[in-house]
Amino acid sequence: KQWYQRRVAITAGECYTGYSQDQGTCKDDNECLDEPCSDAERCSNIEGSYICDCLDTFIRDPKSRECVCSDGFGAVEAECVDINECAGESPCGENEACFNTAGNHYCECDEGFERGKKGDCKDFTPTDCEVKPKNDNIQTMTGKKVQVRLVGEVKKTWRKFADITWLKNNELWDPQGDGKERFNGFTLRNFQAEDAAIYVGNIFIEMSEEENYKCSVSVTISLKEGSAAIDIENRENFASTQKIGKGLVIVCDVQLTNVDLDNANNPNNVNWYKVNQESGEDTKIEETDAVKINKAKGTYRLWFDSPQLDDSGTYKCEFNQEGVQASTDVSIVWA
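Description of the structure in this document. Computed from a prediction, not measured in an experiment: that's the story for all the values here. (Residues numbered from 1 in each chain as written. Predicted model: local features only at pLDDT ≥ 70, side-chain atom pairs only at ≥ 80, totals over all residues. Heavy atoms only, no water.)

## Considerations on the overall build of the chain
In plain terms, the rule: Helix numbers and strand numbers start at the N terminus; a helix is a DSSP run of H or I with at least 4 residues, a strand a run of E with at least 2. This radius of gyration counts C-alpha atoms alone. The globule rule is 2.2 Å times how many residues there are, raised to the power 0.38. For every residue, the accessible area obtained with a 1.4 Å probe (protein chains only) is divided by the maximum for its type, and the residue is called buried under 20%, exposed over 50%, and partly exposed between those limits. Residue contacts are defined here by distance: any two heavy atoms, one from each residue, within 4.5 Å place the two residues in contact. Exposure was quantified through the Shrake-Rupley algorithm and a 1.4 Å probe, taking into account, for residues, occlusion by the shown protein chains and nothing else. Within this scheme the basic residues Lys and Arg register as positive and the acidic residues Asp and Glu register as negative, but His and the chain ends are omitted. Here the site of a charge means NZ on Lys, CZ on Arg, CG on Asp, or CD on Glu.
Assigned secondary structure in the chain consists of two helices and 31 strands. For the chain, the C-alpha radius of gyration of 37 Å lies well beyond 20 Å, the compact-globule estimate for 335 residues. Principal axes of the C-alpha set define a box for the chain whose edges measure 100 × 85 × 25 Å. Within the chain, buried positions represent 33% of all 335 residues. If you take every contact in the chain between residues at least 6 apart in sequence, the share linking residues at least 24 apart comes to 50%. For the chain, the accessible surface area stands at approximately 21000 Å², while carbon and sulfur atoms represent 44% of it. Of note, the chain has its 37 positive side-chain charges centred 13 Å away from the centre of its 62 negative side-chain charges.

Written out as structure tokens, the structure is:
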């Protein structure tokens, strides 16, 4: 933010404030020559006035309107320099090391110590707490619910003394953000490709100030890659011109791999379109008295009861579910 000195007219025939008469004309005064700004400000001359804005590394205090240093910085010879909070008495706790950053600091546990449930750094003794995942290698598909369950815990000990922290691909991860956490595991409600990862649960058991233990479990969750092979089963029937008014069916065969449909017999698992070759836009086909859509003998079918000349064109069968997309088309001429 900047502060401006306003120009004020004095009387008729005289120059405005910020100007002086010089050989019959009013010329701009360079107010910056008189150093009107503070040591923390930079003066810039403008027509009829001047501007005082804060020097680099300073900011304008909204209440006092003075140029001051940001939190974590101090003014030294018209410059804001970082204050090393780690110098002198450390602001960190017991068994913690202080690390200074620009304008701030952070604390990390000393080597050999880890942060416990209450936030303090303790020496946890590695142990085998006999806790294991019910399934340590889970393969699933997009959109599915994934449940990770831990077994073998002594409930009385765990509930009173233990805490668990999860890592996802070595990054701190909160199950509450992507699903639902339980003490003995977590649930991902709607699995997506980005959820595929190695999940490590670090279990901290704090029995007392001196008696602290740590163990860990690991679960790999991977995505089953789905695919679809699609083709017009009776394509050869349409190599020749079809007779107007004679009923006709297009048979679309779809073979799926690692795709779990809610209802495999639903004819709407695929969409049918008539392709507009000129505009490049497809028109979705809906059922009418003259056009039927169903599934029979494991294939998807588009029926024409009494096709006419203007029904001629290219028809597309498309599968697009569970992150898997595939399509095929066929051209038909009626005459």
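So that's the structure; there's more coming.
## A short note on the pattern of salt bridges
Oppositely charged side chains can form a pair if their charged atoms are brought close together. Counted only if it meets this: Any Lys or Arg side-chain nitrogen found within 4 Å of a carboxyl oxygen on Asp or Glu counts as a salt bridge.
In this structure the tally under the stated criterion is 11 salt bridges. Between Lys144 and Asp260 there is a salt bridge; the shortest N-O distance is 3.1 Å. Separated by 116 residues along the polypeptide, Lys144 in the loop between strand S16 (137–140) and strand S17 (146–151) and Asp260 in the loop between strand S25 (248–257) and strand S26 (270–275) bring together distant segments of the chain. Since its relative accessible area comes to 21%, Lys144 is described here as partly exposed. On the basis of relative accessibility, which here comes to 35%, the residue Asp260 falls in the partly exposed class. Note that Asp195 and Lys168 form a salt bridge whose closest N and O atoms lie 4.0 Å from each other. Of the two residues, Asp195 is situated in the loop between strand S21 (185–188) and strand S22 (197–206) and Lys168 in strand S18 (residues 162–168); the sequence distance between them amounts to 27 residues. Comparing Asp195 with Lys168 shows no difference in burial state: the two are buried. When salt bridges that share partners are traced, they join Arg42, Asp53 and Asp56 into one network.

## Focus on the pairing of strand S28 (residues 291–296)
The condition is simple: Two strands qualify as a pair provided DSSP detects at least 2 bridges between them.
In the sheet, S28 pairs with strand S29 (residues 299–304) via six bridges, with the strands oriented antiparallel. Bridging across to S29, Lys292 finds its partner in Trp303. In this structure, the hairpin formed by S28 and S29 is closed by a connection of two residues, where Lys297 is found at a positive phi of approximately 55 degrees.

## A closer look at the side chain of Lys316
Where we set the bar: Pairs of N or O atoms are called polar contacts if they sit within 3.5 Å, as long as, within protein, a hydrogen donor faces a hydrogen acceptor (for residues adjacent in sequence, only side-chain-to-side-chain pairs).
For Lys316, the location among the structural elements is in strand S30 (residues 313–321). Of the polar contacts made by the side chain of Lys316, one reaches the side chain of Asp282; its length is 2.6 Å.

## Description of the sheet that holds strand S24 (residues 227–232)
Quick note on the threshold: An axis is simply a line fitted to the C-alpha atoms; with a helix, the fit covers only the stretch in contact. Between two such axes, the angle follows the N-to-C directions and lies from 0 to 180 degrees.
Sheet architecture is open: four strands sit in the order S24-S25-S29-S28, paired in antiparallel fashion. One side of each edge strand has no neighbouring strand; the edge strands of this open sheet are S24 and S28. Going from strand to strand, the sheet's axes swing by 20 degrees on average, the running direction of each strand aside.

## Looking at the sheet that holds S26
With respect to topology, four strands assemble into an open sheet ordered S27-S26-S30-S31, the strand pairing being antiparallel. Two strands in the sheet have a free side with no partner beyond their single neighbour: strand S27 (282–284) and strand S31 (324–332). Averaged over all pairs of adjacent strands, the angle between strand axes in this sheet comes to 30 degrees, irrespective of strand direction. Looking at chain direction, S30 and S31 are connected through nine bridges and run antiparallel. By the bridge assignment for S31, Asn320 is matched with Gln325.

## Digging into the pairing of S25
Pairing between S24 and S25: six bridges, direction antiparallel. By the bridge assignment for S25, Ile230 is matched with Val254. As judged from the five bridges shared by S25 and S29, these two strands associate in the antiparallel manner. Looking at S29, one finds that Cys252 is bridged to Tyr300.

## Description of the state of the cysteines
In protein chemistry, a disulfide is the covalent bond that joins the sulfur atoms of two cysteines. The condition is simple: In what follows, a disulfide is any cysteine sulfur pair within 2.5 Å.
Across all of its chains, the model carries nine disulfides by this definition. One disulfide in the model links Cys32 with Cys43; its S-S distance is 1.9 Å. Residues Cys32 and Cys43 are joined through a disulfide that is left-handed, its torsion about the S-S bond being -80 degrees. Of this pair, Cys32 sits in the loop between strand S3 (25–28) and strand S4 (41–46) while Cys43 sits in strand S4, placing them 11 residues apart in sequence. We classify Cys43 as partly exposed; its relative accessible area is 25%. Between the sulfur atoms of Cys54 and its disulfide mate Cys67 the distance is 2.1 Å. Handedness here is read from the sign of the S-S torsion; for Cys54 and Cys67, about -90 degrees, the answer is left-handed. Here Cys67 lies in strand S7 (residues 67–69) and Cys54 lies in strand S5 (residues 49–54), a separation of 13 residues in the sequence. A relative accessible area of 14% places Cys54 in the buried class.

## Some remarks on a negative patch on the surface
Rules: Each patch is assembled from residues with relative accessible area greater than 30% and no salt bridge, linking like charges that lie within 9 Å and nonpolar side chains (Val, Leu, Ile, Met, Phe, Trp, Tyr) that lie within 5 Å.
On the surface, Glu94, Asp120, Glu209, Glu210 and Glu211 cluster together to form a negatively charged patch. Among the structural elements, Glu94 can be located in the loop between strand S9 (80–82) and strand S10 (96–101).

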